[in-house]
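# Observations on the model geometry
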Amino acid sequence: MMLFLRLFFEFFKAGLFAVGGGLATLPFLSEIADETGWFTHSQLADMIAVSESTPGPMGVNCATYVGFATAGPAGAVTATLGLIAPSVIIILIIAVFLKNFKDNPFVVSVFKHLRPLSVALICVSGISVAKIALFNEGEGALYTRISWKAVILAGLVYLFSQVIKKTKGLHPIVWIGLSALAGILFF
(Lines give C-alpha, C1' and ligand atoms only; values in the text may rest on other atoms or scores of the structure.)
Protein backbone atom coordinates (compact mmCIF):
# COMPACT_ATOMS: atom_id res chain seq x y z
CA MET A 1 0.00 0.00 0.00
CA MET A 2 2.84 2.40 0.82
CA LEU A 3 4.34 1.82 -2.63
CA PHE A 4 1.08 2.90 -4.29
CA LEU A 5 0.85 6.01 -2.11
CA ARG A 6 4.45 6.89 -2.95
CA LEU A 7 3.83 6.32 -6.68
CA PHE A 8 0.77 8.55 -6.56
CA PHE A 9 2.50 11.25 -4.51
CA GLU A 10 5.69 11.38 -6.64
CA PHE A 11 3.75 11.67 -9.88
CA PHE A 12 1.24 14.07 -8.31
CA LYS A 13 4.16 16.41 -7.54
CA ALA A 14 5.42 16.07 -11.11
CA GLY A 15 1.96 16.78 -12.51
CA LEU A 16 1.46 19.74 -10.19
CA PHE A 17 4.69 21.56 -10.98
CA ALA A 18 5.47 20.53 -14.57
CA VAL A 19 3.94 23.50 -16.36
CA GLY A 20 4.20 23.18 -20.11
CA GLY A 21 3.35 19.60 -21.02
CA GLY A 22 5.16 16.30 -21.28
CA LEU A 23 8.68 17.57 -21.82
CA ALA A 24 8.38 19.74 -18.73
CA THR A 25 7.94 16.56 -16.64
CA LEU A 26 11.46 15.34 -17.50
CA PRO A 27 13.32 17.17 -14.72
CA PHE A 28 10.81 15.74 -12.26
CA LEU A 29 11.20 12.24 -13.71
CA SER A 30 14.95 12.58 -13.37
CA GLU A 31 14.48 13.57 -9.72
CA ILE A 32 12.15 10.59 -9.17
CA ALA A 33 14.85 8.30 -10.60
CA ASP A 34 17.43 9.74 -8.20
CA GLU A 35 15.20 9.63 -5.13
CA THR A 36 13.45 6.29 -5.57
CA GLY A 37 15.71 4.11 -7.70
CA TRP A 38 12.65 2.87 -9.60
CA PHE A 39 14.51 3.46 -12.89
CA THR A 40 17.88 4.72 -14.11
CA HIS A 41 18.67 7.76 -16.23
CA SER A 42 19.44 5.41 -19.12
CA GLN A 43 16.00 3.83 -18.74
CA LEU A 44 14.54 7.36 -18.64
CA ALA A 45 16.10 8.07 -22.04
CA ASP A 46 14.53 4.86 -23.37
CA MET A 47 11.17 5.83 -21.85
CA ILE A 48 11.34 9.20 -23.58
CA ALA A 49 12.09 7.58 -26.94
CA VAL A 50 9.23 5.10 -26.60
CA SER A 51 6.83 7.72 -25.19
CA GLU A 52 7.55 10.11 -28.05
CA SER A 53 6.84 7.38 -30.60
CA THR A 54 3.58 6.11 -29.07
CA PRO A 55 0.18 7.76 -28.95
CA GLY A 56 -0.65 9.93 -25.98
CA PRO A 57 1.09 12.56 -23.90
CA MET A 58 4.73 11.80 -23.14
CA GLY A 59 4.47 12.47 -19.41
CA VAL A 60 1.46 10.15 -19.08
CA ASN A 61 3.22 7.42 -21.06
CA CYS A 62 6.30 7.69 -18.83
CA ALA A 63 4.21 7.63 -15.65
CA THR A 64 2.32 4.60 -16.88
CA TYR A 65 5.56 2.81 -17.74
CA VAL A 66 7.21 3.55 -14.38
CA GLY A 67 4.08 2.56 -12.49
CA PHE A 68 3.79 -0.70 -14.43
CA ALA A 69 7.47 -1.54 -14.02
CA THR A 70 7.30 -0.76 -10.30
CA ALA A 71 3.97 -2.28 -9.26
CA GLY A 72 2.26 -3.90 -12.25
CA PRO A 73 -1.06 -2.80 -13.77
CA ALA A 74 -2.31 -1.26 -10.51
CA GLY A 75 0.93 0.74 -10.28
CA ALA A 76 0.46 1.95 -13.86
CA VAL A 77 -3.03 3.24 -13.05
CA THR A 78 -1.85 4.78 -9.77
CA ALA A 79 1.11 6.66 -11.30
CA THR A 80 -0.97 7.85 -14.24
CA LEU A 81 -3.77 9.11 -12.00
CA GLY A 82 -1.18 10.82 -9.80
CA LEU A 83 0.25 12.67 -12.81
CA ILE A 84 -3.07 13.83 -14.26
CA ALA A 85 -4.93 14.55 -10.99
CA PRO A 86 -3.41 18.04 -10.44
CA SER A 87 -4.33 19.12 -13.97
CA VAL A 88 -7.90 17.93 -13.59
CA ILE A 89 -8.27 19.63 -10.20
CA ILE A 90 -6.74 22.89 -11.39
CA ILE A 91 -8.77 22.99 -14.60
CA LEU A 92 -12.00 22.43 -12.68
CA ILE A 93 -11.15 25.22 -10.25
CA ILE A 94 -10.09 27.56 -13.04
CA ALA A 95 -13.20 26.82 -15.07
CA VAL A 96 -15.41 27.85 -12.17
CA PHE A 97 -13.58 31.08 -11.37
CA LEU A 98 -12.02 32.17 -14.66
CA LYS A 99 -15.31 33.16 -16.20
CA ASN A 100 -15.49 36.05 -13.76
CA PHE A 101 -11.80 37.00 -13.96
CA LYS A 102 -10.75 36.35 -17.56
CA ASP A 103 -10.14 40.07 -18.17
CA ASN A 104 -8.52 40.73 -14.80
CA PRO A 105 -5.01 42.23 -15.28
CA PHE A 106 -3.56 39.95 -12.58
CA VAL A 107 -4.88 36.79 -14.30
CA VAL A 108 -3.64 38.01 -17.68
CA SER A 109 -0.22 38.72 -16.15
CA VAL A 110 0.03 35.28 -14.53
CA PHE A 111 -0.67 33.53 -17.83
CA LYS A 112 1.77 35.82 -19.63
CA HIS A 113 4.54 34.90 -17.16
CA LEU A 114 3.83 31.16 -17.24
CA ARG A 115 4.93 30.98 -20.89
CA PRO A 116 8.65 31.70 -20.26
CA LEU A 117 8.59 29.27 -17.34
CA SER A 118 7.30 26.56 -19.66
CA VAL A 119 10.03 27.34 -22.20
CA ALA A 120 12.71 27.14 -19.49
CA LEU A 121 11.48 23.76 -18.23
CA ILE A 122 11.40 22.36 -21.75
CA CYS A 123 14.95 23.67 -22.44
CA VAL A 124 16.24 22.02 -19.27
CA SER A 125 14.58 18.80 -20.37
CA GLY A 126 16.20 19.02 -23.80
CA ILE A 127 19.63 19.52 -22.27
CA SER A 128 19.08 16.56 -19.93
CA VAL A 129 18.07 14.30 -22.82
CA ALA A 130 21.02 15.49 -24.92
CA LYS A 131 23.44 14.72 -22.08
CA ILE A 132 22.03 11.20 -21.71
CA ALA A 133 21.96 10.55 -25.46
CA LEU A 134 25.29 12.06 -26.51
CA PHE A 135 27.59 11.29 -23.58
CA ASN A 136 28.67 8.02 -21.97
CA GLU A 137 28.58 7.79 -18.19
CA GLY A 138 31.84 7.60 -16.32
CA GLU A 139 35.01 9.45 -15.53
CA GLY A 140 37.64 10.88 -17.83
CA ALA A 141 38.18 13.65 -20.28
CA LEU A 142 35.16 15.06 -22.07
CA TYR A 143 36.28 13.87 -25.52
CA THR A 144 36.56 10.27 -24.25
CA ARG A 145 33.02 10.35 -22.81
CA ILE A 146 31.37 11.63 -26.00
CA SER A 147 29.35 8.97 -27.80
CA TRP A 148 30.61 9.72 -31.29
CA LYS A 149 28.14 7.34 -32.94
CA ALA A 150 25.26 9.20 -31.29
CA VAL A 151 26.69 12.61 -32.24
CA ILE A 152 27.12 11.55 -35.88
CA LEU A 153 23.64 10.01 -35.95
CA ALA A 154 22.10 13.18 -34.45
CA GLY A 155 23.95 15.28 -37.02
CA LEU A 156 22.72 13.10 -39.88
CA VAL A 157 19.13 13.19 -38.65
CA TYR A 158 19.33 16.99 -38.37
CA LEU A 159 20.87 17.26 -41.84
CA PHE A 160 18.27 15.06 -43.50
CA SER A 161 15.26 16.34 -41.55
CA GLN A 162 16.01 20.07 -41.61
CA VAL A 163 18.47 20.91 -44.39
CA ILE A 164 18.09 18.61 -47.39
CA LYS A 165 14.92 19.64 -49.20
CA LYS A 166 14.04 16.20 -50.63
CA THR A 167 13.88 14.58 -47.18
CA LYS A 168 12.85 17.64 -45.16
CA GLY A 169 9.12 17.11 -45.65
CA LEU A 170 8.98 13.42 -44.72
CA HIS A 171 6.33 12.46 -42.22
CA PRO A 172 7.53 12.24 -38.56
CA ILE A 173 6.63 8.53 -38.47
CA VAL A 174 9.24 7.92 -41.16
CA TRP A 175 11.86 9.65 -38.97
CA ILE A 176 10.80 7.65 -35.92
CA GLY A 177 11.09 4.40 -37.89
CA LEU A 178 14.46 5.34 -39.38
CA SER A 179 15.76 6.39 -35.97
CA ALA A 180 14.62 3.10 -34.44
CA LEU A 181 16.33 1.19 -37.25
CA ALA A 182 19.53 3.20 -36.82
CA GLY A 183 19.44 2.55 -33.08
CA ILE A 184 19.11 -1.18 -33.67
CA LEU A 185 21.89 -1.25 -36.26
CA PHE A 186 24.44 1.00 -34.56
CA PHE A 187 23.86 0.48 -30.86
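Quick summary incoming for the structure in this document. If you're wondering where the values come from, they're calculated on a predicted model, not measured in any experiment.

Phe11, Leu29, Phe39, Leu44, Met47 and Leu83 are the most contacted members of the largest nonpolar core, which has 22 residues in total. If you tally residues by element for this core, the top one is helix α4 (residues 58-101), at seven residues. The residues contacting Leu29, other than those within four sequence positions of it, are Phe11, Phe39, Leu44 and Cys62.

A pair can form between side chains of opposite charge whenever their charged atoms are brought close. Applying the stated criterion to the full structure yields two salt bridges. Arg6 is the partner of Glu10 in a salt bridge, and the nearest nitrogen-oxygen pair spans 3.1 Å. Here the residue Glu10 and the residue Arg6 both occupy positions in helix α1 (residues 2-17), the gap between them amounting to four residues, near one helical turn. Arg6 sits in the partly exposed class, given a relative accessible area of 36%.

Okay, α1 next. An α-helical turn contains 3.6 residues, so any two residues separated by three or four positions project in the same direction. Across its 16 residues, α1 extends 23 Å between first and last C-alpha, which sits within 8% of the 22 Å expected from 1.5 Å per residue. In the core, the buried residues of α1 are packed alongside α2 (26-36) and α4.

Tracing the backbone shows Ser125 in helix α5 (residues 105-134). With a relative accessible area of 1%, Ser125 lands in the buried category. Sequence separation between Ser125 and Pro27 is 98 residues; the distance between their C-alpha atoms is 6.0 Å.

This brings us to the side chain of Thr78. When you line up the elements, Thr78 lands in helix α4. Thr78 gets classed as buried once you look at its relative accessible area, which sits at 16%. If we skip the residues at most four places from it in the chain, Thr78 touches Phe4, Leu7 and Phe8.

On to the packing of α1 against α4, then. When two helices pack together, their arrangement is given by the angle between the helix axes and the distance between those axes. Between α1 and α4, the shortest axis-to-axis distance is 7 Å and the interhelical angle comes to 40°. Relative to α4, α1 is oriented oblique. Pair α1 / α4 crosses with right-handed handedness. Partitioned by chemical class, the residues of the contact of α1 with α4 number 19 nonpolar, seven polar and no charged.

Before going further, it helps to spend a moment on the packing of aromatic side chains. As enumerated under the stated definition, the model contains one aromatic pair in all. A ring pair is formed by Phe8 and Phe12, whose centres lie 5.8 Å apart and whose planes are at 25°; its orientation type is stacked. Highlighted residues: Phe8 and Phe12, both in helix α1, separated by four residues, approximately one helical turn. Classification of Phe12 by relative accessible area gives partly exposed; the value is 23%.

Calculation rules
- Residues numbered from 1 in each chain as written.
- Predicted model: local features only at pLDDT ≥ 70, side-chain atom pairs only at ≥ 80, totals over all residues.
- Heavy atoms only, no water.
- Core = buried A, V, L, I, M, F, W, Y, C linked by side-chain atoms within 4.5 Å.
- Buried < 20%, exposed > 50% of the residue type's maximum accessible area, 1.4 Å probe, protein only.
- Helix = DSSP H or I, 4+ residues; strand = E, 2+ residues; numbered from the N terminus.
- Contact = heavy atoms within 4.5 Å.
- Salt bridge = Lys/Arg side-chain N within 4 Å of Asp/Glu carboxyl O.
- Expected span 1.5 Å × (residues − 1).
- Axes fitted to C-alpha atoms, helices over the stretch in contact; angles between N-to-C directions.
- Parallel < 35°, antiparallel > 145°, perpendicular 65-115°, else oblique.
- Left-handed = near helix turned anticlockwise from the far one by under 90°.
- Nonpolar A, V, L, I, M, F, W, Y, C, P; charged D, E, K, R; others polar.
- Phe/Tyr/Trp six-rings, centres within 6.5 Å; stacked < 30°, edge-to-face > 60°.

The values reported here are purely geometric and, on their own, carry no functional implication.
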